[in-house]
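So you can see what is in the structure, the chains are spelled out below.
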Amino acid sequence: MTPQLCSSLWSILALIILFYGTRWKHNRSRLPLPPGPKKLPLIGNLLDMPSERQWEAYHAWSKECNSDIIHVNAAGTSIVVLSSMEAIRDLFDKRSSLYSDRVRLPMLVELMGWDFAIGESVFDSRRAHRKLFHEAFNVNAVKQFHPQERVAAHRLLRRILNDPKDIMKHFRHLAAVLIMDVTYGIDAGNPGDPYTNLAEEAMHGLSVASLPGRFLVDTIPALKYVPSWFPGADFQRQAKKWRKATRDLLEMPFAHAKRNIALGSAPASFTSLSLAALESSQKEGQREQENLIKGTAANMYGAGSDTTAAALGTFVYAMLANPEAQRKAQAELDAVLGPSHLPDFADEVVLPYVSAVVKEVLRWKNVTPIAVPHFVSVDDDYRGYRIPAGSIVIGNTWAILHDEDMYPDPHAFKPERFLLDGKLNPAVRDPEVAAFGFGRRICPGRHMATSSLFITIASMLATLDIKKARDEHGNEVEPSYEFFPGLISPPLPFKCSITPRSQKAVEAINSSSGND
Ligand code: HEM
């Protein structure tokens, strides 16, 4: 082939690509949006958007439209909601390079300093965080933290024995202490511990500012340049206060852990193990690598503490809603281990009913009913629909885990749905596929979450009775079964009665590894 012919062929090929490429792009822009509730001019579905429990409205619209992908327009914000595992896998897994970012929130990231947080960022710039996280928390590595999880569960039992009133306070304490221990090797179990207090303040800022639309600067990013003295710039003053808490959370526990390592008195933790591996690897850029470890560590508290406490609160609600499930779980524990014997991780395989309780806790009421929304920054099309660039894309965890076909009578707490012939039934979808989010952003702490839920729930069931509280006339007080309607949904404050099952249970708790 002559060079002239070759170059002409290339030109023709380029023209064909240009022609079809333009046509394809043109066609794509003419594709319809996914179905959804009827939109008004300019404001779209703004008036239809519920201020609470959006996941239920999304599910209802999805059913009305008979579609597992719907589109909602909230005054110009394009929202795509996926309600089946098929659609979620197609987009979040198979097209993960497009669907793994998060919504940009200038208040949180730029003004409050959560720029190190893998939960709030463009996926590509955070791969290294996730890799580091994966090395320490993958399904096998996470077993190294079983001793800390066991001690935390036993400490919880003691605290409940001494002060059974505010159970959610104990769960928050357990989650905070466990994360500080696993992450930094710091014992934060003492009252007034500075690290759990500062972490709580930082977390408060995070949970308020994570809600898209909470601050105007998230809609108009240029407002971040407005000086704090300017009238109406309260958000700048608030951001400054929270920024300090964020930075303290990032720096102080890490510096403490490093001091302990230098003194040779550091227990194994994510920080000590990662720093030791870094030192022996002789990698270049040690300083950047150390910053990476520091940022990943601070992330763990943010993502792991409130979620774990919320799931444990849901467990107590479930025991109040279905006392028969509690009785069956206790009967299994007594039969397998003996009365008031504290269970261990190795017992999980012989405790299918207790395992089913843990699964049903994750399915029944979801800690994160819409997971954490993802974001797509380029136009895409799927099943003949257009997915506009700049859309928030939500995997509706709640819809998946309340699908009547997979989970008949989905609003009832029924651990039995996971069992067949006394064993876990692999044909029933494990709620873990949706309870911890999706695709590349799936919760990297999920293996730790499920193991600490198992040991805590099994230890409580073995030794304690959870019952409805009684009023001054001796009548049972029915809890509201209401949940905080946020991105993370813990039970709203409620009363219950928690008492030891027997004197033997008290002895088992007092001689356990929890040493508060
Ligand atoms: C019951 C407990 C927990 C639940 C329900 C939960 C749920 C979630 C969900 C839904 C996401 C977002 C996934 C997505 O974007 O699709 C997430 C992200 C995350 N979780 Fe968890 N989580 C729990 C416990 C933990 C624990 C114990 C840790 C740490 C040890 C942790 C660390 C993280 C981190 C670092 C992220 C951010 C991942 C990223 O954005 O790339 N989580 N979690």
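Residues numbered from 1 in each chain as written. Predicted model: local features only at pLDDT ≥ 70, side-chain atom pairs only at ≥ 80, totals over all residues. Heavy atoms only, no water.

**Looking at the overall build of the chain**
Link 1 in the chain: Within the chain one finds 18 helices and ten strands.
Link 2 in the chain: The C-alpha radius of gyration of the chain comes to 25 Å, within 12% of the 24 Å expected for a compact globule of 516 residues.
Link 3 in the chain: Principal axes of the C-alpha set define a box for the chain whose edges measure 90 × 60 × 55 Å.
Link 4 in the chain: In the chain, which comprises 516 residues, the proportion classed as buried is 51%.
Link 5 in the chain: Intrachain contacts of the chain at a sequence separation of at least 6 include 73% that bridge at least 24 residues.
Link 6 in the chain: With an accessible surface of roughly 24,400 Å², the chain has 57% of that area assigned to carbon and sulfur atoms. (Helix = DSSP H or I, 4+ residues; strand = E, 2+ residues; numbered from the N terminus. Rg over C-alpha atoms; globule rule 2.2 N^0.38 Å. Buried < 20%, exposed > 50% of the residue type's maximum accessible area, 1.4 Å probe, protein only. Contact = heavy atoms within 4.5 Å. Areas by Shrake-Rupley, 256 points an atom, 1.4 Å probe, with all protein chains shown as cover.)

**Re the packing of aromatic side chains**
Two numbers describe a pair of aromatic rings. These are the distance of the centres and the angle of the planes.
Link 1 in the chain: Tallied over the entire structure, the rule returns 13 aromatic pairs.
Link 2 in the chain: With a centroid separation of 6.4 Å and an interplanar angle of 80°, the aromatic rings of F215 and W242 are classed as edge-to-face. Taken together, the positions of F215 in the loop between α8 (194–209) and α9 (216–219) and W242 in helix α10 (residues 234–263) put the pair 27 residues apart, joining distant regions of the chain.
Link 3 in the chain: When its relative accessible area of 7% is taken as the criterion, W242 is described as buried.
Link 4 in the chain: Of the aromatic side chains, those joined through ring pairs into one cluster are F133, F137, F145 and F270.
Link 5 in the chain: Between R363 and the ring centre of Y407, over which it is positioned, the NZ or CZ distance is 5.3 Å.
Link 6 in the chain: In this arrangement the basic side chain of K365 is found over the ring face of W364, its NZ or CZ atom lying 5.0 Å from the centre. (Phe/Tyr/Trp six-rings, centres within 6.5 Å; stacked < 30°, edge-to-face > 60°. Lys NZ or Arg CZ within 6 Å of the ring centre and 35° of its normal.)

**What about the UniProt feature "binding site: heme" (unreviewed entry) in the chain?**
Link 1 in the chain: In this numbering, the UniProt entry assigns the feature "binding site: heme" (unreviewed entry) to C443.
Link 2 in the chain: Topologically, C443 is positioned in the loop between α16 (432–435) and α17 (446–463). (UniProt positions renumbered as here; feature names shortened; annotations may be inferred.)

**Section: the pairing of strand β6 (residues 391–395)**
Side-chain positions along a regular strand alternate between the two faces of the sheet.
Link 1 in the chain: Counting buried residues along β6, five of its five residues qualify, which places the element largely inside the surrounding structure.
Link 2 in the chain: Across the two faces of β6 the burial is the same, with S391, V393 and G395 and I392 and I394 all buried.
Link 3 in the chain: In this structure, strand β2 (residues 77–82) lies alongside β6, joined through four bridges in parallel fashion. In the sheet register, I79 faces β6, and the bridge partner there is I392.
Link 4 in the chain: Examined bridge by bridge, strand β3 (residues 374–376) and β6 share three bridges and lie antiparallel to one another. Residue H374 lies in a different strand from β6, and its bridge partner there is V393. (Pairing = 2+ DSSP bridges.)

**Some thoughts on the side chain of S274**
Link 1 in the chain: Considering the arrangement of structural elements, one finds S274 in helix α11 (residues 270–281).
Link 2 in the chain: Within the structure, the side chain of S274 is placed 2.7 Å from the backbone oxygen of F270, a separation counted as a polar contact. (Polar contact = N/O pair within 3.5 Å; in protein donor to acceptor, adjacent residues only side chain to side chain.)

**Description of a nonpolar patch on the surface**
Link 1 in the chain: A cluster of nonpolar side chains, L40, L46 and L47, forms an exposed patch at the surface whose accessible area comes to about 300 Å².
Link 2 in the chain: Relative to the helices and strands, L47 is located in the loop between α1 (3–30) and α2 (54–64). (Patch = residues over 30% accessible without salt bridge, like charges linked within 9 Å, V, L, I, M, F, W, Y side chains within 5 Å. Salt bridge = Lys/Arg side-chain N within 4 Å of Asp/Glu carboxyl O.)

**Considering unusual backbone geometry**
Link 1 in the chain: You will see that S340, though not glycine, has its phi angle at about 60°, which is positive.
Link 2 in the chain: Inspection of the secondary structure assignment puts S340 in the loop between α13 (323–337) and α14 (352–364).
Link 3 in the chain: Residue class for S340 comes out buried when judged on its relative accessible area of 8%.
Link 4 in the chain: With phi around 50°, D421 is a residue other than glycine that occupies positive phi space.
Link 5 in the chain: Inspection of the secondary structure puts D421 in the loop between β7 (419–420) and β8 (423–424).

**Considering the packing of α14 against α17**
The geometry of a pair of packed helices is captured by two quantities: the angle between their axes and the separation between those axes.
Link 1 in the chain: The contact between α14 and α17 brings their axes to 10 Å, and the two run at 120°. When the axis of α14 is compared with that of α17, the two are oblique. Here α14 runs over α17; the crossing is right-handed. Along the contact surface, α14 presents V354, V357, V358 and L362, while α17 presents T450, L453, F454, I457, A458 and L461.
Link 2 in the chain: Looking at side-chain class alone, the contact of α14 with α17 contains nine nonpolar, one polar and no charged residues. (Axes fitted to C-alpha atoms, helices over the stretch in contact; angles between N-to-C directions. Parallel < 35°, antiparallel > 145°, perpendicular 65-115°, else oblique. Left-handed = near helix turned anticlockwise from the far one by under 90°. Nonpolar A, V, L, I, M, F, W, Y, C, P; charged D, E, K, R; others polar.)

**Re α13**
Because an α-helix completes one turn every 3.6 residues, residues spaced three or four positions apart along the sequence face the same direction.
Link 1 in the chain: If you check α13, its first and last C-alpha atoms are 21 Å apart, about what 15 residues at 1.5 Å a residue would give, namely 21 Å.
Link 2 in the chain: Listed as buried for α13 are A325, Q326, A329, Q330, E332, L333 and L337. Along the axis of α13, the buried residues cluster in a sector spanning 155°; they form a single face. For α13, the exposed residues lying more than 90 degrees away from the buried face are P323 and A335.
Link 3 in the chain: On its buried face, α13 is in contact with α12 (286–321), α14, α17 and β9 (464–468).
Link 4 in the chain: Remark: G338 follows α13 within two positions and exhibits a positive phi of approximately 95°. (Expected span 1.5 Å × (residues − 1). Arc of directions from axis to C-beta.)

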